[in-house]
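Structural features, examined
The chain contents come next:
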Amino acid sequence: MNKTANFQLTQWEKTDRIMMEDFNRDNAAIDAALKGNADGVAALQTAMASCGNCRITISNYKGTGTLGEAHPTSLTFAEPPLLVFILGPESGFMARGRAMNAFQSSSNATPTTIWSADQKTVSWYTPYDAQYQLNTKDAVYQVLCFYQA
């Protein structure tokens, strides 16, 4: 009789005498292999659950050219985000955490950031220049947003 390559299970030939011990040994090997696979899948699921996965969305908006406290730039999200990146042709902006501290690459032009009570809308402004408010007229800004999964 022959054996399989991976688990050495019995491969019967027409002339072989079939024995109960061979069947029992093969069934035990199959059972052990299936159990090993099941344990591996369970361990992988446990590891994945503790990875802190998040959902990510990408969107964009077009600048209007307005600036200042009377004309803040605003974005509204489907739910409170954990982290938001806004990238434009001249500058970028990041807001993080539930308190949503913000900073910009040009620290002396960091905009004032205001979040709505439900944390779904962020507005920001600066008196310096529409570029620092990420609102240059007709410029396209990319928004990368991370949400808790």
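So, how was this worked out
Residues numbered from 1 in each chain as written. Predicted model: local features only at pLDDT ≥ 70, side-chain atom pairs only at ≥ 80, totals over all residues. Heavy atoms only, no water. Disulfide = S-S within 2.5 Å. Phe/Tyr/Trp six-rings, centres within 6.5 Å; stacked < 30°, edge-to-face > 60°. Helix = DSSP H or I, 4+ residues; strand = E, 2+ residues; numbered from the N terminus. Core = buried A, V, L, I, M, F, W, Y, C linked by side-chain atoms within 4.5 Å. Buried < 20%, exposed > 50% of the residue type's maximum accessible area, 1.4 Å probe, protein only. Contact = heavy atoms within 4.5 Å.

Focus: the state of the cysteines
In the structure shown here, the tally under the stated rule is zero disulfides. Left without a disulfide partner, cysteine 145 is nearest to the cysteine sulfur of cysteine 54, which lies 9.7 Å away.

A word on the packing of aromatic side chains
Counting across every chain of the model gives two aromatic pairs. Measuring from centroid to centroid gives 6.3 Å for phenylalanine 85 and phenylalanine 146, while their planes differ by 75°, and the two rings are edge-to-face. Of this pair, phenylalanine 85 sits in strand β5 (residues 83–87) while phenylalanine 146 sits in strand β10 (residues 140–148), placing them 61 residues apart in sequence.

Examining the nonpolar core
Judged by nonpolar contacts, the single largest core of 16 residues is most densely connected at Tyr61, Leu75, Phe77, Ile86 and Trp124. Those elements giving two or more residues to this core turn out to be β5, β6 (92–96), β9 (121–125) and β10. With four residues, β10 is the single largest residue contributor to this core. Ignoring any residue separated from it by four or fewer positions in sequence, one finds phenylalanine 77 in contact with Val84, Trp115, Lys120, Val122, Val143, Cys145 and Tyr147.

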